[in-house]
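Here is what each chain is made of, one letter per residue.
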Amino acid sequence: MVELIYEGKAKRVYRLNDDELIIEFKDEVTALDGLRREAAAGKGRLAAAQTAFFMNYLERNGVRTHFINWDGDRRITVRALRMVPIEVIVRNYAYGSFLRRMPMVKPLTRFSKPLVEFHLKSDELHDPLLTTDDLIEAGLLGREDLQEVINTSLKVNDLLMGLLGMHGLTLLDFKLEFGFSRDGRLLLADELSGDTMRILKEGRHLDKELFRKGASAVDLVKAYAELNTLLGIS
Ligand code: ADP
Ligand code: CDP
């Protein structure tokens, strides 16, 4: 059997061999840095399917990702990476933690251009915002790699905005993670799903914001299923 090497809030990670991992999406939903947790039957498969769909789309459009395949259920196979311990957030509209630090901006204001920001991946510290100088000085990324992360994140944003826009959906913001392969290439990693993106349909969230704002896990799973139907995801 494959060995469990990490259990996070939303996923379990297993080692398949030296180069590949299996990521299993849990049938659970958490909020408030894991303080609120509920069972969510069916969510793991829906989020795995979303991740497979978006990663495949990005690969077809020239973005290098860790994605290898989806088992049709809750598991994806990916390339094992040395992860960069930061979360990259791209924002098209003012929402979430942006509004908490910039309360003078009206919610859902469209930015003049997409904003890219960096947070240290640390639950204890509540993912603090980092400047680009911070992350370079701390040795988390070199200057050239940082530029590549920014360029790729903006390209991902263009592709996802276009794709979701074709289906009448608005992408408010999303989170990306990156890692290095053994041959030193920077690849897009982790997941792309309703857990990591805010997506509106006619002003209604089809993402984890529903749960953050108090909806039940059952309603969250219904929203993820609706998103998959709209995007033609099996
Ligand atoms: P968290 O650690 O935030 O609770 P998850 O439950 O999502 O997160 O766990 C998934 C873990 O797998 C995360 O720590 C993520 O950085 C890591 N990860 C994602 N893709 C890869 C990859 N290709 N190689 C190694 N680690 C990865
Ligand atoms: O969720 P919150 O308001 O605290 O954070 P945010 O910085 O406004 O989140 C921006 C985007 O990144 C949203 O789409 C979140 O779903 C996503 N995100 C994530 O996937 N994981 C995190 N740890 C933080 C944010």
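Check the entry above for the structure.
Every chain's residues receive numbers from 1 upward, in the order its sequence appears when written. Working convention: letters from A go to chains and numbers from 1 go to ligands, in the order in which they are written. With pLDDT at 70 or above as the cut-off, local features in this predicted model cover only qualifying residues; side-chain atom pairs require 80 or more to be listed or tallied, and sums for whole chains, interfaces and linings still use all residues. In computing side-chain properties, one takes all heavy atoms of the structure into account and sets aside hydrogens as well as water.

**A look at the overall build of the protein**
Let me state the cut-off plainly: Helix and strand definitions here come from DSSP, where helices need a minimum of 4 consecutive H or I residues and strands a minimum of 2 consecutive E residues; each element is numbered from the N-terminal end. Residue burial is assigned from relative accessible area. The probe radius is 1.4 Å, only protein chains are included, and a residue is buried under 20% of its type maximum, exposed over 50%, and partly exposed in between. Only heavy atoms enter the contact rule, under which two residues are in contact if any of them lie within 4.5 Å. For every accessible area listed, the method is Shrake-Rupley and the probe measures 1.4 Å; residues are considered covered only by the protein chains on display. Only four residue types enter the charge count, namely Lys and Arg as positive and Asp and Glu as negative; His and the chain termini do not. To locate a charge, take atom NZ for lysine, CZ for arginine, CG for aspartate or CD for glutamate.
Regarding its fold elements, the protein presents 6 helices and 15 strands. Considered along the principal axes of its C-alpha atoms, the protein spans approximately 45 × 40 × 35 Å. Here the protein holds 234 residues, and the buried ones make up 49% of them. The long-range share in the protein, meaning contacts at least 24 apart out of those at least 6 apart in sequence, stands at 57%. Surface accessibility of the protein: about 11,400 Å² in total, with carbon and sulfur atoms responsible for 52%. Once the 34 positive and 36 negative side-chain charges of the protein are each reduced to a mean point, those two points are 4 Å apart.

**Digging into unusual backbone geometry**
The residue Leu32 is not glycine, and still its phi comes out positive at about 55°. Relative to the assigned elements, Leu32 resides in the loop between β4 (28-31) and β5 (36-39). Backbone geometry at Leu108 places phi at a positive 70°, although glycine is not the residue there. Structurally, Leu108 is set in the loop between α2 (96-101) and β10 (110-120). Overall, Leu108 belongs to the partly exposed group, its relative accessible area being 40%.

**Digging into empty space enclosed by the protein**
The test is simple: For each structure, a 1 Å grid was placed over the protein atoms alone; sets of points admitting a 1.4 Å probe that cannot get out are labelled cavities, open sets with protein on both sides within 12 Å along at least five of seven lines are labelled pockets, and lining residues have an atom within 4 Å of a point. Grid points are joined across faces, edges and corners, and a volume is the space filled by probe spheres set on the points. When residues are sorted by character, Ala, Val, Leu, Ile, Met, Phe, Trp, Tyr, Cys and Pro go into the nonpolar class, Asp, Glu, Lys and Arg into the charged class, and all the rest, Gly among them, into the polar class.
Here the structure, examined in full by the defined rule, presents 1 cavity of 30 Å³ or more. One number sums up the size of the largest cavity: a volume of about 30 Å³. Considering the residues around the largest cavity, the lining is formed by Ala10, Phe25, Lys26, Lys43, Gly44, Ala47, Glu191 and Asp195. Taken together, the residues of the lining of the largest cavity sort by class into 3 nonpolar, 1 polar and 4 charged.

**Section: the pattern of salt bridges**
Spelled out, the test is: A carboxyl oxygen of Asp or Glu within 4 Å of a side-chain nitrogen of Lys or Arg is what we treat as a salt bridge.
Applying the stated criterion across every chain, the model contains 27 salt bridges. With a closest N to O distance of 3.3 Å, Arg12 and Glu7 form a salt bridge. Residue classification places Glu7 among the partly exposed positions, given a relative accessible area of 45%. A salt bridge links Glu87 to Lys121, with the nearest nitrogen and oxygen atoms 3.8 Å apart. Here Lys121 lies in the loop between β10 and β11 (129-130) and Glu87 lies in strand β9 (residues 86-93), a separation of 34 residues in the sequence.

**A look at the nonpolar core**
Generally speaking, nonpolar side chains in soluble globular proteins are found buried as a group. Quick reminder of the rule: What we call a nonpolar core is a set of buried Ala, Val, Leu, Ile, Met, Phe, Trp, Tyr and Cys residues that are connected through their side-chain atoms within 4.5 Å.
Of all hydrophobic cores here, the largest spans 50 residues; its most connected members are Phe118, Leu188, Leu192 and Met197. Ignoring sequence-local partners within four residues, the contact set of Met197 consists of Phe54, Leu160, Leu164, Leu171, Asp173, Phe174, Leu192 and Asp207. Counting 9 residues, the second-largest nonpolar core is a separate cluster that includes Leu46, Ala217, Leu220 and Tyr224.

**Here's the deal with the site of ligand 1**
So the rule is basically this: Residues are classed as near a molecule or strand on a simple rule: at least one heavy atom within 4 Å of it. Any N or O atom pair separated by 3.5 Å or less is treated as a polar contact, with the protein-specific requirement of one donor-capable and one acceptor-capable atom, and with residues adjacent in sequence counted only for side-chain atom pairs.
Around ligand 1 sit 17 residues in total, of which Tyr6, Lys9, Ala10, Lys11 and Glu177 are the nearest. A distance of 2.5 Å separates an oxygen atom of ligand 1 from a polar side-chain atom of Tyr6. Here a nitrogen atom of ligand 1 and a backbone polar atom of Asp190 are 3.2 Å apart. For ligand 1, the protein covers 87% of the area, taking 550 Å² as the surface of the free molecule. By residue class, the composition of the shell around ligand 1 is 9 nonpolar, 2 polar and 6 charged.

These figures capture arrangement, not role.
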